[in-house]
Amino acid sequence: MSVASASIQFFTRLLRYRTKCAVPFHAASRILISPYLPQVFGGNKVLLGTCAQPLRQSRQQMAHRQQSWGQICRDRLAETGSLRSEEKVTVYFINRDGRKITTSSAKGDSLLDLVVEQNLDIEGFGACEGTLACSTCHVILDQKVYNQLGPITDEENDMLDLAFGLTDTSRLGCQVCLSRDLEGITVRVPDGVNDMRRSDDAGPTL
Amino acid sequence: MSTHKAALCKVQMLKLFLTSPRCVRITRFHGVCGLSTSTPASSPKVCIVGGGPAGFYTAQHLVKTRTDVQVDIYERLPVPFGLVRFGVAPDHPEVKNVINTFTQTAQHARCSFHGNVRVGKDVTVEELQEAYHAVVLSYGAEGNRTMGVPGEDLAGVYSAKDFVGWYNGLPRNRELRPDLSCETAVILGQGNVALDVARMLLSPVDILKKTDITQHALDALAESSVRRVLIVGRRGPLQVACTIKELREMVNLPGTRPEMEASEFEGIAETLKSLVRPRKRLTELLLKAAIETPGEEELEKRNRAERAWGFRFLRRPLEVLPSTDLIRAAGIRLAVNRLEGDGEGVRAVATGEVEDVECGLVISSIGYKSLPIDPAVPFDARKAIIPNTMGRVQQTAGLYCSGWVKRGPTGVIATTMNDSFDTARTLLQDIGKGTLDVSTVKPGSQGVSALLEKRGVKPVSFSDWEKIDSEETRRGETRGKPREKMLDVGEMLQVARA
């Protein structure tokens, strides 16, 4: 193995590790941005999330707030001794236009992480970056998959209440953590990411 | 291969990666810059008025969808992000994550931010129309609805908009100095802004001091005597305008207990079954706080609580009652309503009864209101919006609107996001159909810059804002806060130009 390839391999792993573990919240900001970047800077997809100044600030801001579910997923995996698995889980996305996208992501990723990493073009998806402060990553699952996922927190339900086109099998993408059991699931992105928070003066809350 | 060498290389790369975020940003910047030079001179030039969420989301969709469009965002203040900075409560930092996306948009090669430019004063909308193929108005709602009752101008009466601006560092509200020496505060309106204000008044200072709340507000709140906040609405528990997240925050607020009138909830539990899920869950939470017997832990929390909050329903303000010296608010007179009709069409009707509530602080949170910006732009004074069809301003060509000025001051950032995408889509469709003529060459920001220079106006660029941003962050760090906002426009400009 040459020095270069060994280094590249290490570097890539390091980047992935950092993206996965250190900066879970900002993953989403990259979806909207990555199309702006020339492909030759493919690495930026990863780097952006870790380096831009405002991202670090919001991380500080968030420090005393709730963790993103992605992080919680990973913490759980860490407990079981597999912090970062290379094992992939295949997910079929049905996008707003009805097109089916076959994609895959590492075990432990949330569906929001997957959308970000795979650059799925779903504008506005995950506006709050997986912090349970909006419902823009609303997805609809099959009944069986929904049942498989187990109980939903009040906080997620609170946000789902505001989702456009809420169904009985709706979840927030940032809260669905990929595991081996979910291999081959189908995830439907409802048409419109409307946050239906209706109120007379709801005002500036996401 | 030498393992030592490889290891060394790894260490260097690690160092490079961990220590040089600048490097990446510069690389990216150059990368995109290279593309921008290939933009033809005749590319569509769009100008956006207002650097809040509506402006940034409109810009985002435009630059993302079309690879030749050039977007300039004009903002009155030297700092961007509008209500994300000046409206979102300091203890909702996760909502401010949208700033990351806005920052990426602003740093895009085909998007520029021009702060410190007052459209309608420094440059007219007509002049912008000359310089650009299209102008999108997304300047929001800077006014507020007034109660229109006697005593509204007494000391101790504030609009929620000003109060929010005060704790969030809006320059024009820095001198508000609300009097917090009374025990009871009454908030009129039961939306999320009302709950934000209630939470700010009642939150333990230990929580607030870790947020980006302005220091002057934090100091005032630390000295505050307010112990009880009543949140008054003209209709009933089934019509509260707040959302469940904000209600849950009240219910869980440390050091507080709910103080409700059980009688106001009569018959509510029976209606639960017929409610749709969001309203049902909201009402269940409300009932839990209001009338359910608390568990042991909750009971203990309530017994220890030194502060209280509660909703008061079916009340409409009639008059703010003055103190004996006629200077300050000492109470509020409320008309008692009853409900007529069913479901969404339910109306509040006065019963003729009145009730006086003693309070030294009255905050009206009954809604924001858009104001006209320029005589050249049509404005519907009754609805307080710019009359439009899907974002196209009526009776004009090349004028669009998005956000609150388009549909009124309701909803949340995500609502504005969709609405702004819609306006951007309309605009792009018009370019596609040819109804918006982009064939002529327009000067864009160059034309406007020349005008501004002649008038002595110096715009603030996005990189200038980044200087303000890092200075604010630095000041915040010394106090253990994410940032300490600058309150003075002069100071902002000084830092921006340093």
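On a predicted model such as this, the values are computed, not experimentally measured, just so you know.

> Hey, could you run me through the overall build of chain B in this one?
For chain B, the helix and strand inventory stands at 19 helices and 18 strands. At 26 Å, chain B has a C-alpha radius of gyration in line with the 23 Å of a compact globule built from 498 residues. With the C-alpha coordinates aligned to their principal axes, the bounding extent of chain B is approximately 70 × 70 × 50 Å. Across the 498 residues that make up chain B, the buried fraction comes to 59%. Restricting the contact set of chain B to residue pairs at least 6 apart, pairs at least 24 apart contribute 74%. Per element, the accessible surface of chain B, about 20800 Å² overall, is 52% carbon and sulfur. Of the charged side chains in chain B, 67 are positive and 60 negative; the average position of the first set lies 6 Å away from that of the second.

> Sorry if this is basic, but what is going on with the overall build of chain A here?
Scanning chain A from N- to C-terminus turns up eight helices and five strands. Reading chain A from its N end, one meets helices and strands in the order α-α-α-α-α-β-β-α-β-α-α-β-β. Of all 206 residues assigned to chain A, the portion counted as buried reaches 57%. A fraction of 68% describes how many contacts in chain A between residues 6 or more apart in sequence connect residues 24 or more apart.

> What should I look at first to understand the packing of aromatic side chains in this one?
For any pair of aromatic rings, the description rests on two quantities: the centre-to-centre distance and the angle between the ring planes. What the rule picks out here adds up to 15 aromatic pairs over all chains. Pairwise contacts between aromatic rings join Phe 56, Tyr 57, Phe 81, Phe 102, Phe 113, Phe 421, Phe 462 and Trp 465 of chain B into one cluster. Directly above the aromatic system of Tyr 92 of chain A lies the positively charged group of Lys 100 of chain A, at a separation of 5.0 Å from the ring centroid.

> Would you mind going over helix α3 (residues 53-65) of chain B with me for this structure?
All names here are of chain B. With 13 residues, α3 extends 18 Å from end C-alpha to end C-alpha; this agrees with the ideal 18 Å at 1.5 Å per step. Across the 13 residues of α3, twelve count as buried, placing the element largely inside the fold. Of all the residues in α3, the buried ones are Pro 53, Ala 54, Gly 55, Phe 56, Tyr 57, Thr 58, Ala 59, Gln 60, His 61, Leu 62, Val 63 and Lys 64.

> What exactly am I supposed to notice about the packing of helix α7 (residues 160-168) of chain B against helix α8 (residues 192-202) of chain B here?
A pair of packed helices is captured by two measures, namely the crossing angle of their axes and the spacing between those axes. Residue and element names in this part refer to chain B. Contact geometry for α7 and α8: axes closest at 10 Å, N-to-C directions at 50 degrees. Judged by the inter-axis angle, α7 sits oblique to α8. Judged by the sense of rotation from one axis to the other, the crossing of α7 with α8 is left-handed. When α7 is examined against α8, the residues Ala 160, Phe 163, Val 164 and Tyr 167 are found in contact with a partner set consisting of Val 193, Asp 196, Val 197, Met 200 and Leu 201. Looking at the contact of α7 with α8, its residues break down into eight nonpolar, no polar and one charged.

> Before we go on, may I ask you to explain the UniProt feature "binding site: FAD" (unreviewed entry) in chain B in this structure?
All names here are of chain B. Residues annotated in UniProt with the feature "binding site: FAD" (unreviewed entry) correspond here to Ala 54, Glu 75, Leu 83, Val 119, Trp 404, Gly 411, Val 412 and Ile 413. With a sequence span of 360 residues, these residues are also far apart in the fold, their greatest C-alpha distance being 25.2 Å. Along the chain, Val 412 falls in the loop between α15 (404-407) and α16 (413-433). Residue classification places Val 412 among the buried residues on the basis of a relative accessible area of 2%.

> How should the environment of Pro 322 of chain B be read in this particular structure?
Residues and elements named next belong to chain B. Checked against the element boundaries, Pro 322 lands in strand β11 (residues 315-322). Judged by relative accessible area, which is 33%, Pro 322 ranks as partly exposed. It is 7.2 Å that separates the C-alpha atoms of Pro 322 and Leu 154, two residues lying 168 residues apart in sequence.

> What should I look at first to understand the sheet that holds strand β10 (residues 307-312) of chain B in this one?
Note on sheets: strands pair through backbone hydrogen bonds, and any given pair is parallel or antiparallel. All names here are of chain B. Taken together, the six strands give an open sheet; going across it, the order is β6-β14-β7-β8-β10-β9, and neighbouring strands pair in parallel fashion. In this open sheet, the two strands that pair with only one neighbour each are β6 (157-159) and β9 (256-258). Strand-to-strand, the axes of this sheet are offset by a mean angle of 20 degrees, without reference to chain direction. Here β6 pairs with strand β14 (residues 361-364) via three bridges, running parallel. Each bridged residue has a counterpart across the sheet, and for Tyr 158 the counterpart in β14 is Ile 363.

> Can you walk me through the sheet that holds strand β4 (residues 170-172) of chain A in this structure?
All names here are of chain A. Taken in spatial order, the five strands make up an open sheet running β2-β1-β5-β3-β4, and their pairing is mixed. Edge positions in the sheet fall to β2 (100-106) and β4, since each has one partner strand and no second. Here the strands of the sheet are splayed against their neighbours by 40 degrees on average, with no regard to which way each runs. Sheet topology places strand β3 (residues 138-141) next to β4; three bridges connect them, and they run antiparallel. Its bridge partner lying in β4, Ile 140 is registered against Ser 170.

> Explain the side chain of Arg 110 of chain B to me, please; I cannot follow it from the model alone.
Residue and element names in this part refer to chain B. Looking at the secondary structure, you find Arg 110 in the loop between α5 (98-106) and β3 (111-114). No salt bridge is formed by the buried Arg 110; the nearest opposite charge belongs to Asp 68, separated by 5.9 Å. In this structure the side chain of Arg 110 is engaged in a polar contact, spanning 3.2 Å, whose partner is the backbone oxygen of Thr 67.

> Looking at this model, I keep getting lost on the packing of α8 of chain B against helix α11 (residues 244-252) of chain B. Mind explaining?
Residues and elements named next belong to chain B. Where α8 contacts α11, the axes come no closer than 10 Å and their chain directions differ by 20 degrees. On the basis of their axis angle, the class for α8 and α11 is roughly parallel. For α8 against α11, the interelement crossing comes out left-handed. Seen from α8, the contacting residues are Asn 192, Leu 195, Ala 198, Arg 199 and Leu 202; seen from α11, they are Glu 246, Leu 247, Glu 249 and Met 250. Its residues assigned to classes, the contact of α8 with α11 comprises five nonpolar, one polar and three charged.

> Got a minute to help me understand the pattern of salt bridges in this structure?
Side chains that differ in charge, positive against negative, can pair when their charged atoms come close. All names here are of chain B. Within the structure shown, the criterion is met by 51 salt bridges over all chains. A salt bridge links Arg 76 to Glu 142, with the nearest nitrogen and oxygen atoms 2.8 Å apart. Pair noted here: Arg 76 is in the loop between β2 (70-74) and α4 (82-86) and Glu 142 is in the loop between β4 (134-137) and β5 (143-144), with a separation of 66 residues, a long-range link. Looking at Glu 142, the relative accessible area reads 26%, which means it is partly exposed. The residue Asp 419 makes a salt bridge to Lys 406 at a minimum N-O spacing of 3.7 Å.

Cut-off values and rules
- Each chain has its residues counted from 1, running along the sequence as written.
- Lettering for chains starts from A, numbering for ligands starts from 1, and both go in the order in which the items are written.
- Totals for whole chains, interfaces and linings use every residue, but because this is a predicted model, local features are given only for residues with pLDDT of at least 70 and side-chain atom pairs only at 80 or more, for both listing and counting.
- Remark: hydrogens and water are excluded; side-chain values derive from all non-hydrogen atoms of the structure.
- Helix and strand assignments follow DSSP, with helices taken as H or I runs no shorter than four residues and strands as E runs no shorter than two, numbered in order from the N terminus.
- Radius of gyration: C-alpha atoms only; globule rule: 2.2 Å multiplied by the number of residues to the exponent 0.38.
- Categorising residues by exposure relies on relative accessible area from a 1.4 Å probe, with only protein chains included: less than 20% of the type maximum marks a residue as buried, more than 50% marks it as exposed, and the intermediate range marks it as partly exposed.
- We call two residues in contact when some of their heavy atoms are within 4.5 Å.
- Working definition of accessibility: Shrake-Rupley area with a 1.4 Å probe, residue cover restricted to the visible protein chains.
- The charge count includes Lys and Arg as positive and Asp and Glu as negative, but it does not include His or the ends of the chains.
- Where a charge lies is defined by one atom per residue type: Lys uses NZ, Arg uses CZ, Asp uses CG and Glu uses CD.
- Stacked, tilted and edge-to-face are the three classes applied to pairs of Phe, Tyr and Trp rings, where Trp contributes its six-membered ring and a pair requires centres within 6.5 Å; stacked means planes under 30 degrees apart, edge-to-face means over 60, and tilted covers the rest.
- By definition, being over a ring means that NZ of Lys or CZ of Arg is both within 6 Å of the ring centre and within 35 degrees of the ring normal.
- A helix is expected to span 1.5 Å for every residue after the first.
- What counts as an axis is a line fitted to C-alpha atoms, over the stretch in contact for a helix, and the angles between N-to-C directions run from 0 to 180 degrees.
- For classification, angles of less than 35 degrees are called roughly parallel, those exceeding 145 degrees roughly antiparallel, those between 65 and 115 degrees roughly perpendicular, and all remaining angles oblique.
- The handedness criterion is simple: a crossing whose near helix is rotated anticlockwise from the far helix by less than a right angle is left-handed, and one whose near helix is rotated clockwise is right-handed.
- Just so you know the grouping, Ala, Val, Leu, Ile, Met, Phe, Trp, Tyr, Cys and Pro go in nonpolar, Asp, Glu, Lys and Arg go in charged, and all remaining residues, Gly too, go in polar.
- UniProt positions are given in the numbering used here, feature names are shortened, and annotations may be inferred rather than shown by experiment.
- Only when DSSP finds a minimum of two bridges between them are two strands counted as paired.
- Only one rule defines a salt bridge in this text: a Lys or Arg side-chain nitrogen within 4 Å of an Asp or Glu carboxyl oxygen.
- Identification of polar contacts relies on pairs of N or O atoms within 3.5 Å, with a donor-acceptor requirement for protein atoms, meaning one able to donate a hydrogen and the other able to accept it, and with residues adjacent in sequence counted only if both atoms are side-chain atoms.

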